[in-house]
Amino acid sequence: MPQPPAPRRTLGRPPRISREEMVAAARRIVDAEGVDRLTMRRLATEIGSTPMALYHHVRNKDQLLVLLLDDYAVRTLRRPEVPDEPRERVVAAAAAIHEALADCPWIVEVLTADDLMSASALWFVEQIVDGLVAGGLSPERAVHGYRAIWYYTAGEIMIRATAARRRRTDDGPTYRDQVFAALDPDELPRLSEVAQRWAPLTAEDTYLDGLRALVDGLLAAR
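Worth saying up front: this structure is predicted, and the values here are computed from it rather than measured.

This brings us to the overall build of the chain. In terms of helices and strands, the chain carries 12 helices and 0 strands. Radius of gyration (C-alpha) of the chain: 24 Å, far over the 17 Å computed for a compact globule of 222 residues. Counting only C-alpha atoms, the chain reaches 100 × 50 × 25 Å along its principal axes. A sequence separation of at least 24 residues applies to 70% of the contacts in the chain between residues at least 6 apart. Surface accessibility of the chain: about 14,500 Å² in total, with carbon and sulfur atoms responsible for 54%. Charge-centre separation for the chain: the mean point of 29 positive side chains lies 10 Å from the mean point of 33 negative side chains.

This is the structure in structure tokens:
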């Protein structure tokens, strides 16, 4: 006697997720594995859903990254008391950006795409541009000045983060160490003079010194 067909199993819909849960899961992925490993498929696996379900909240990965940027800005960026003096206002706002991003270099990596930003962080940009205008620059020159400050800030963070990551994975002498140990003092006298101290000197935190010098140069050009 033929057996009746087995009842068809209903898979059902994946559990409904909130935008907050999605952002939190994306943050866990980038913190642990880096922003390159964040994909819609990887995120769906992390939260036990499907990529299609995620598209109810975001159009694509870029929009997801914007949500991450806003989430980080709200949780981390703290508006400092900005001085009335224009130069110090610029320095205070830029230093606050640097302090917030230094511990999370993947944010800088996303921001260097130059077309993604956090609307929550625009207050800091406003303080820098306004301070440069108050210091005598035209609005157009102030925008150029802001870009120079941002490039310096982002570059400093990314270089330090990359160097720290390489030091964690390689305990031996670096290629630079080997090159500096063999410098010809007749050809490169200044570098030879500081070659043995190059690594500790370049590891010093001189961000604020460089920032103040940069701002002074921008305002002097007015």
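Turning our eyes to something else, we now look at a positive patch on the surface. Where like charges cluster on the molecular surface, the positive patch consists of R165, R167, R168 and R176. For the positive patch, the element with the most residues is helix α8 (residues 139-169), which contributes 3 residues. The residue R176 is located in helix α9 (residues 175-181) in this model.

Here we come to the pattern of salt bridges. Where charged atoms from two side chains of opposite charge approach closely, those side chains can pair. Enumeration according to the criterion identifies 11 salt bridges in this entry. Between E88 and R87 there is a salt bridge, with the nearest N and O atoms lying 2.3 Å from each other. Exposure remark for E88: the relative accessible area of 25% places this residue in the partly exposed category. Measuring nitrogen to oxygen at the nearest pair gives 2.5 Å for the salt bridge that ties R87 to D216.

Further remarks concern the UniProt feature "DNA-binding region" (unreviewed entry) in the chain. Under the UniProt annotation, "DNA-binding region" (unreviewed entry) lies at residues 39-58. From the first C-alpha to the last, residues 39-58 spans 12 Å; its make-up is 60% helix and 0% strand.

Another aspect to go through is helix α1 (residues 19-33). The end-to-end C-alpha distance of α1 is 21 Å, a good match for the 21 Å that 15 residues give at a rise of 1.5 Å each. Every buried residue of α1 is listed here: M22, V23, A25, A26, I29 and V30. For α1, the buried positions fall inside an angular range of 165° around the axis, keeping them on one side. Those residues of α1 that are exposed and angled more than 90 degrees off the buried face are E20, D31 and A32. On its buried side, α1 packs onto α2 (40-47), α3 (51-54), α4 (61-76) and α6 (105-111). G34 sits one or two residues past α1 and shows a positive phi near 100°.

For the rest of this paragraph, the subject is α2. Among all positions in α2, only M40, L43, A44 and I47 are buried. An end-on view of α2 places all buried positions within 100° of arc, on one side of the element. Exposed residues pointing more than 90 degrees away from the buried face of α2 are listed as R41 and T45. Looking at the residues trailing α2, positive phi occurs at G48, about 70°.

What counts as what
- Residues numbered from 1 in each chain as written.
- Predicted model: local features only at pLDDT ≥ 70, side-chain atom pairs only at ≥ 80, totals over all residues.
- Heavy atoms only, no water.
- Helix = DSSP H or I, 4+ residues; strand = E, 2+ residues; numbered from the N terminus.
- Rg over C-alpha atoms; globule rule 2.2 N^0.38 Å.
- Contact = heavy atoms within 4.5 Å.
- Areas by Shrake-Rupley, 256 points an atom, 1.4 Å probe, with all protein chains shown as cover.
- Lys, Arg positive; Asp, Glu negative; His and termini not counted.
- Charge placed at Lys NZ, Arg CZ, Asp CG, Glu CD.
- Patch = residues over 30% accessible without salt bridge, like charges linked within 9 Å, V, L, I, M, F, W, Y side chains within 5 Å.
- Salt bridge = Lys/Arg side-chain N within 4 Å of Asp/Glu carboxyl O.
- Buried < 20%, exposed > 50% of the residue type's maximum accessible area, 1.4 Å probe, protein only.
- UniProt positions renumbered as here; feature names shortened; annotations may be inferred.
- Expected span 1.5 Å × (residues − 1).
- Arc of directions from axis to C-beta.

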